[in-house]
Amino acid sequence: ALQDVNFPMGPTSFLLRTHTKQKNEKFNIQSEKDQLLRKADTRFSTLKKGDAVVFDARILHCGNANEPADGSTRVLFNFSFRNPQVTGDLGYPGSIRPGYCGALTLGGIQEALDLYGAGDKNPFASYSDGLIQT
């Protein structure tokens, strides 16, 4: 987390042991979804600045509502990785903008964050906006 994340900010909820194909299929059946959600063993990811959450992206998870009176915008750094020998669909599209694929490295992110810390308001400008123009 790039800042403390408290409950009024709408922390991410993780539904434990829902990373399996069977649980995901059950979640996609409307008549079974409510029961799965009611019975889920859920954890909220309230965090302190500098904390990290490591999780299998297949686990059912969601952000919660930001409470207008006490909440504020959550600023998080999100990245994913996988074994480069594993190919094919992971079952989700991923969250990196297509124009950053193969162009943005972890070192480049560190440089951009350093620039941001030094006052640069657009530290990723050299990478454009990451969108592919057609």
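Residues numbered from 1 in each chain as written. Predicted model: local features only at pLDDT ≥ 70, side-chain atom pairs only at ≥ 80, totals over all residues. Heavy atoms only, no water.

1. Some words on the side chain of Ser-45
So the rule is basically this: For the purposes of this entry, the term helix denotes a DSSP run of H or I that reaches at least four residues, the term strand denotes a run of E that reaches at least two, and both are numbered from the N terminus. In this analysis, two residues are considered to be in contact whenever any of their non-hydrogen atoms come within 4.5 Å of each other.
Relative to the helices and strands, Ser-45 is located in the loop between β2 (42-44) and β3 (61-62). Setting aside its immediate chain neighbours within four residues, Ser-45 contacts Val-5, Pro-11, Thr-12, Phe-14 and Val-53.

2. Thoughts on the packing of aromatic side chains
Put simply, the test is: Between the rings of Phe, Tyr and Trp (Trp by its six-membered ring), a pair exists once the centres lie within 6.5 Å; its type follows the angle of the planes, with under 30 degrees stacked, over 60 edge-to-face, and the other angles tilted. In this scheme, the term charge over a ring applies when either NZ of a lysine or CZ of an arginine sits within 6 Å of the ring centre and within 35 degrees of the ring normal.
Per the counting criterion, the structure on display carries 2 aromatic pairs. Across from the ring centre of Phe-27, 4.5 Å away, lies the NZ or CZ of Lys-33, which sits over that ring.

3. Thoughts on the sheet that holds β3
Stated formally: Think of it this way: DSSP has to see at least two bridges between two strands before they count as a pair.
Spatially, 3 strands are ordered β2-β1-β3 in an open sheet, and the strand pairing comes out antiparallel. Edge positions in the open sheet fall to β2 and β3, since each of these has one partner strand only. Across 2 bridges, strand β1 (residues 13-15) lies against β3 in antiparallel orientation. Across the sheet, Phe-14 pairs through a bridge with His-61, a residue of β3.

4. Quick word on the environment of Asp-120
The line we're drawing: The rule is simple: take the accessible area with a 1.4 Å probe, protein chains only, and divide by the maximum for that residue type; under 20% is buried, over 50% is exposed, in between is partly exposed. Each polar contact in these results corresponds to two N or O atoms within 3.5 Å; when the atoms are within protein, one needs to be able to donate a hydrogen and the other to accept it, and residues that are neighboring in sequence are counted only if both atoms are side-chain atoms.
Relative to the helices and strands, Asp-120 is located in the segment after α3 (106-117). When its relative accessible area of 29% is taken as the criterion, Asp-120 is described as partly exposed. Among the polar contacts listed, one links the side chain of Asp-120 to the backbone nitrogen of Asn-122, at a separation of 2.8 Å.

5. Overview of the pattern of salt bridges
Short version of the rule: Only one rule defines a salt bridge in this text: a Lys or Arg side-chain nitrogen within 4 Å of an Asp or Glu carboxyl oxygen.
Overall, the coordinates contain 3 salt bridges when judged by the stated rule. Among the salt bridges present, the one from Asp-41 reaches Arg-43, with a minimum N-O distance of 2.4 Å. In this structure, Arg-58 engages Asp-56 in a salt bridge whose closest nitrogen and oxygen atoms are separated by 2.5 Å. Among the charged side chains, a network of salt bridges with common partners joins Arg-17, Asp-41 and Arg-43.

6. Quick notes on a nonpolar patch on the surface
The cut-off we apply is this: Like charges are joined within 9 Å and nonpolar side chains (Val, Leu, Ile, Met, Phe, Trp, Tyr) within 5 Å, but only among residues with over 30% relative accessible area and no salt bridge; these make up the patches. Areas reported as accessible are Shrake-Rupley estimates using a 1.4 Å probe. Residue values count occlusion only from the protein chains shown.
On the surface, a nonpolar cluster with roughly 660 Å² of combined accessible area is contributed by Leu-2, Val-75, Phe-77, Phe-79, Phe-81 and Leu-106. Considering the arrangement of structural elements, one finds Leu-106 in helix α3. Judged by its relative accessible area of 60%, Leu-106 falls in the exposed class.

On their own, these measurements won't tell you what the molecule is for.
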